[in-house]
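# Descriptive analysis of the structure
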Amino acid sequence: MRRTEDMDLARRALRGRDLVVFSNDWDGDPLSKVHIMRILSRDNRVLWVNSIGNRAPKANAHDIQRIWKKLSSFTEGIREVEPNLFVLAPLAIPFYGSEVVRGANRELLRLQVKNAMRKLRFHRPISWSFLPASAPVSGTLGEEFVVYHCVDEFSAFSDTNGRHIAELEERLLRRANLVITSAERLRENKAKVNPNTVLVRHGVDFQHFVKACDASTPIPEDIANLPKPIIGFFGLMADWVDQEAMIATAKAHPEGSVVVIGKVAPDCDVSKMKEVPNIHFLGRKPYSSLPGYSRAFDVALMPFTVNELTLNANPLKVREYLAAGLPVVSTDIPEVRKVGLCKIATSTEDFVRKVDECLAEGPGPDRTRAERIFHESWDARVEEIRSFVGEAMIKAGRGL
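Quick caveat, the model's predicted, so the values are computed rather than measured. (Residues numbered from 1 in each chain as written. Predicted model: local features only at pLDDT ≥ 70, side-chain atom pairs only at ≥ 80, totals over all residues. Heavy atoms only, no water.)

## Side note on the overall build of the protein chain
- Scanning the protein chain for helices and strands turns up 17 helices and 14 strands.
- Looking at the protein chain residue by residue over its 400 residues, the buried ones come to 54%.
- Once local pairs closer than 6 in sequence are excluded, the contacts in the protein chain between residues at least 24 apart make up 73%. (Helix = DSSP H or I, 4+ residues; strand = E, 2+ residues; numbered from the N terminus. Buried < 20%, exposed > 50% of the residue type's maximum accessible area, 1.4 Å probe, protein only. Contact = heavy atoms within 4.5 Å.)

See below:
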């Protein structure tokens with residue numbers, strides 16, 4: 001009976017609570033964090049604190065524009081962007097430089113978040129961090145419980161100070177009452193520091209992406225008339241994307257098109273790809289339009305280079321491709337292997353072969369293929385998260 005009561009308490013743990021969430025900027029692409037917090041905001045209040053940075057800004061146009069955007073957002077104060085979901089864009093220089101600067105910055109951020117919590121009348125808050133950079137303030141806000149939700153090996157990003165990020169993350173790991181990870185390798189690594197570490201893999205917005213299987217979903221004009229087959233990728237073009245695999249695929253299918261949908265990171269050189277005439281960069285598109293673009297795809301690509309960053313990654317786009325009913329070819333990433341529904345390539349030549357196999361076996365969106373990922377919804381994942389948080393709160397003796 002006691003176990004049943006504990007399970008009921010665990011399920012109620014994340015209902016009627018106040019959550020302070022440190023994450024990427026709310027107005028960016030809807031990453032896993034957005035999906036999770038949208039669901040939790042149905043029966044909790046969420047104060048979403050925009051990114052406080054994992055790296056020092058550079059004197060380039062991209063970073064200057066980002067700083068200006070943050071300054072503009074700061075003047076807006078607290079915005080209620082959706083029911084129960086409030087966004088704060090704090091003024092904070094990322095935690096770099098001298099110890100004096102870091103100390104002042106830490107206090108500035110803490111005061112801004114505390115002020116926002118006071119205005120919203122937050123009570124017994126839970127802090128929930130998706131970023132190591134929150135380490136100086138997480139656990140100092142009068143929280144009842146601290147969650148670190150780790151979805152990447154942040155110290156392995158090429159544009160960060162890896163040693164400094166690792167130090168921040170270790171502080172956050174030691175302070176957290178619960179660590180949630182999105183990949184098995186991340187769970188194994190973080191559990192070495194905090195044994196209260198669990199695995200909850202990504203979900204998928206199935207109802208959104210399965211629209212690609214519906215003949216009434218319109219295909220956007222900029223892809224509708226491209227030569228077939230259309231072999232597509234959506235997401236950020238960054239230094240962890242295997243450009244050689246994409247170039248080889250395009251050259252193997254000169255009659256067709258390789259399409260890239262998404263931003264190109266400022267430090268990512270795609271000049272070689274742009275020299276290939278049938279590779280088309282269509283730019284970043286609204287999330288709402290991705291099912292239409294997916295409907296035009298014959299095969300979807302997940303071409304990540306294999307390194308410490310990607311070995312710890314659980315690419316969200318794979319589940320989105322699958323929910324769109326698309327055949328998927330991926331490089332050999334452990335979490336993609338675990339999904340079990342993609343063709344895994346072990347070399348550039350094998351990548352091209354696997355694309356050819358997909359084209360021969362049945363290209364384009366297929367509802368039957370999509371249904372295989374139906375059970376991996378974000379709602380199901382959030383129920384797992386509720387249980388883990390509740391069990392950890394019971395274990396820690398926190399009142400529910």
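Moving on, there is more to tell.
## A look at the packing of aromatic side chains
- This model, assessed by the stated rule, comprises 7 aromatic pairs.
- Look at Phe157 and Trp240: their rings are 5.6 Å apart centre to centre, the planes differ by 75°, and that puts the pair in the edge-to-face class. Placement of Phe157 in the loop between strand 6 (145-150) and helix 5 (162-175) and of Trp240 in the loop between strand 9 (230-234) and helix 9 (243-252) is noted, with a sequence separation of 83 residues between them. A single burial state applies to Phe157 and to Trp240, both of which are buried.
- Centre to centre, the rings of Phe234 and Tyr321 are 4.8 Å apart; their planes meet at 65°, and the pair counts as edge-to-face. Of this pair, Phe234 sits in strand 9 while Tyr321 sits in helix 13 (residues 316-323), and the two are 87 residues apart along the sequence. Summarising the burial analysis for this pair, Phe234 and Tyr321 share the class buried.
- Ring-pair connections join several aromatic residues into one group, and the members of that group are Phe209, Phe234, Tyr287 and Tyr321.
- Above the face of the Phe281 ring, Lys274 is positioned so that its terminal group lies 5.5 Å from the ring centre. (Phe/Tyr/Trp six-rings, centres within 6.5 Å; stacked < 30°, edge-to-face > 60°. Lys NZ or Arg CZ within 6 Å of the ring centre and 35° of its normal.)

## Here we look at the sheet that holds strand 11 (residues 279-283)
- Strands sit in the order 11-10-9-12-13-14 across an open sheet of 6 strands; the sheet is parallel. Unpaired on one side and paired on the other, strand 11 and strand 14 (343-345) mark the two borders of the sheet. Across the sheet, the mean angle separating the axes of adjacent strands is 25° when strand polarity is ignored.
- The sheet contacts of helix 15 (residues 348-361) involve strand 9, strand 12 (299-302), strand 13 (328-331) and strand 14, and relative to strand 14 the element is tilted by about 160°. (Pairing = 2+ DSSP bridges. Axes fitted to C-alpha atoms, helices over the stretch in contact; angles between N-to-C directions.)

## Notes on unusual backbone geometry
- Cis geometry marks the peptide bond from Lys228 to Pro229, where omega comes out at 0°.
- As for its placement among the helices and strands, Pro229 is situated in the loop between helix 8 (221-224) and strand 9.
- Unusually for a residue other than glycine, Asn84 sits at a positive phi of about 70°.
- For Asn84, the location among the structural elements is in the loop between strand 3 (78-82) and strand 4 (85-88).
- Its identity as a non-glycine residue notwithstanding, Arg124 has a phi of 45°, on the positive side.

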